[in-house]
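# Architecture at a glance
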Amino acid sequence: MHQDIIGHINTNFTYQYDRDQYGKPDRWKIMEGPQYVGDCEDYSLAVLWHIAGKSWFKFWLLQLFGVASLRLCTIYGSHHIVLRYKGQYIDNIQQQWVKKQDMVGLGYTFKFTTPVIY
């Protein structure tokens, strides 16, 4: 599912904390590439943005109709954001589509869906 997009983002993604990049504890940004530097929510937003064909209309429509959502969870004792799209999940740690139960098995604890306010 959208392996070309995932492969492109994964190949060009560098994790960096918002505090180091922006001097703020948290900043949500859609990374448009070609280099992708950001943290977990930036990764999830970038994947969704590219799936939506870089269209704001499709980006919001996918979320409005529940096709996609950002999910808050914890992993390794820290808050973390993953993207749910058509029943599959992806994040900057797994960097591939997996089922929710696979993430739970790896120690992810899901909290709730996070509305994107951009």
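Anything mentioned here points back to the structure above.
First things first, this report covers the structure right here in the doc. (Residues numbered from 1 in each chain as written. Predicted model: local features only at pLDDT ≥ 70, side-chain atom pairs only at ≥ 80, totals over all residues. Heavy atoms only, no water.)

### Some details on the nonpolar core
Our working definition: Definition of nonpolar core: a set of buried residues of the types Ala, Val, Leu, Ile, Met, Phe, Trp, Tyr and Cys, connected through side-chain atoms within 4.5 Å. Only protein chains enter the accessibility calculation, which uses a 1.4 Å probe; a residue is then buried when its area is under 20% of its type maximum, exposed when over 50%, and partly exposed in between. Numbered from the N terminus, helices here are DSSP runs of H or I no shorter than four residues, and strands are runs of E no shorter than two. The criterion used for residue contact is that any of the two residues' heavy atoms lie within 4.5 Å.
Counting 26 residues, the largest nonpolar core has Tyr43, Val47, Leu83 and Trp97 as its most contacted members. Only α1 (3-11), α3 (40-51), α4 (56-64), β3 (68-75) and β4 (78-85) provide two or more residues apiece to this core. When sequence neighbours within four positions are dropped, the list of residues in contact with Trp97 reads Met1, Gln3, Ile6, Val47, Ile51, Leu83, Tyr85, Gln88, Tyr89 and Ile90. If you look at the next biggest cluster of nonpolar residues, it comprises eight residues, including Tyr89, Val98, Met103 and Tyr108.

### Some points on the environment of Asp20
Structurally, Asp20 can be placed in helix α2 (residues 18-22). Through-space distance from the C-alpha of Asp20 to that of Ile75 is 21 Å; in sequence the pair is 55 residues apart.

### Examining unusual backbone geometry
One non-glycine residue, Lys54, adopts positive backbone phi at about 60°. Checked against the element boundaries, Lys54 lands in the loop between α3 and α4. A relative accessible area of 45% means that Lys54 is categorised as partly exposed. Of note in the backbone geometry, Gln95 takes a positive phi value of approximately 55° without being a glycine.

Function-wise, these values are silent; they only describe arrangement.
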